[in-house]
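Below are the chains, spelled out letter by letter.
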Amino acid sequence: QVQLVESGGGLVQAGGSLRLSCAVSGRTFSTYGMGWFRQAPGKEREFVAGISWRGISTYYADSVKGRFTISRDNAKNTVYLQMNSLRPEDTAVYYCAATGAKTRLVVTTTQRYDYWGQGTQVTVSS
């Protein structure tokens, strides 16, 4: 069983930065593509950023491109989301997810992710 635990969320002013971490249990972390999603109150869960299982490909939602960076450290079984220039509209619960799909490209749809973390709250004040 794969377990994901997010950390690093919190309250930050607009323009500030946060780094989210997602620790993944299990010895097969390097075989999973990883993604970050977010869900604001009353809205559907949406894709934010993803990294392929080999770490070669990354992909970002247009709303965060140029501000967020996803990375992974296979030695630490951890994926990160560096969030800069945060905006009030970035406020949401952020989830990390793992997919066993062996694709060269980043998986962006929630249905193709097999495991999910419990989420961490990010609140950006104006």
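Structure's up top.
The sections below set out a description of the structure shown in this document. Residue indices begin from 1 for each chain and proceed along its sequence in written order. Reporting in this predicted model follows two pLDDT cut-offs: at least 70 for local features of residues, and 80 or more for side-chain atom pairs to be given and counted; totals over whole chains, interfaces and linings ignore these cut-offs and use all residues. Hydrogens and water molecules were not included; the side-chain quantities draw on all heavy atoms of the structure.

Within the protein chain, the secondary structure is distributed over zero helices and eleven strands. Starting at the N terminus, the α and β elements of the protein chain follow one another as β-β-β-β-β-β-β-β-β-β-β. For a compact globule the rule gives 2.2 Å times the number of residues to the power 0.38, and the radius of gyration it is set against comes from C-alpha atoms. Its C-alpha radius of gyration of 13 Å places the protein chain within 12% of the 14 Å reference for a compact globule of 126 residues. Based on the C-alpha atoms only, the size of the protein chain along its principal axes is roughly 40 × 25 × 25 Å. Numbered from the N terminus, helices here are DSSP runs of H or I no shorter than four residues, and strands are runs of E no shorter than two.

Right, let's talk about the pairing of strand 5 (residues 46–51) for a bit. Taking burial as the measure, the six residues of strand 5 include five buried ones, the bulk of the element. Each pair of strands is called paired provided DSSP finds at least two bridges between the two strands. Linking strand 4 (residues 33–39) back to strand 5 in an antiparallel pair, the connection comprises six residues, with Gly42 at a positive phi of about 80 degrees. The sheet contact formed by strand 5 and strand 6 (residues 58–60) spans three bridges and is antiparallel. Looking across to strand 6, one finds that Ile51 is bridged to Thr58. The turn joining strand 5 and strand 6, which pair antiparallel and follow one another in sequence, is formed by six residues; a positive phi near 80 degrees is taken by Gly55. In this scheme, a residue with accessible area under 20% of its type's maximum is buried, one over 50% is exposed, and one in between is partly exposed, where area comes from a 1.4 Å probe on protein chains only.

This part is about the environment of Met83. Tracing the backbone through its elements, the reader meets Met83 in strand 8 (residues 78–83). Taking C-alpha positions, Met83 is 11 Å from Val124, a pair spaced 41 residues apart along the chain.

Quick look at the layout of surface pockets now. Estimates place the volume of the largest pocket at around 190 Å³. A 1.4 Å probe that fits into a set of points on a 1 Å grid over the protein atoms alone but cannot get out defines a cavity; an open set with protein on both sides within 12 Å along at least five of seven lines defines a pocket, and lining residues are those with an atom within 4 Å of a point. Around the largest pocket sit 13 residues that line it, and Arg38, Ala40, Lys43, Glu46 and Glu89 are the ones nearest its centre. Three classes are used: nonpolar for Ala, Val, Leu, Ile, Met, Phe, Trp, Tyr, Cys and Pro, charged for Asp, Glu, Lys and Arg, and polar for all others, with Gly counted as polar. Taken together, the residues of the lining of the largest pocket sort by class into two nonpolar, three polar and eight charged. Grid points are joined across faces, edges and corners, and a volume is the space filled by probe spheres set on the points.

We now examine the state of the cysteines. Linking two cysteines covalently through their sulfur atoms gives a disulfide. The definition used for a disulfide is geometric: two cysteine sulfur atoms within 2.5 Å. Counting across every chain of the model gives one disulfide. In this model Cys22 forms its disulfide with Cys96; the gap between the sulfur atoms is 1.9 Å. With the S-S dihedral at roughly 45 degrees, the linkage between Cys22 and Cys96 falls on the right-handed side. Here Cys96 lies in strand 9 (residues 92–99) and Cys22 lies in strand 3 (residues 18–24), a separation of 74 residues in the sequence. With respect to class, Cys22 is no different from Cys96; both count as buried.

Any functional reading would require information beyond the geometric quantities listed.
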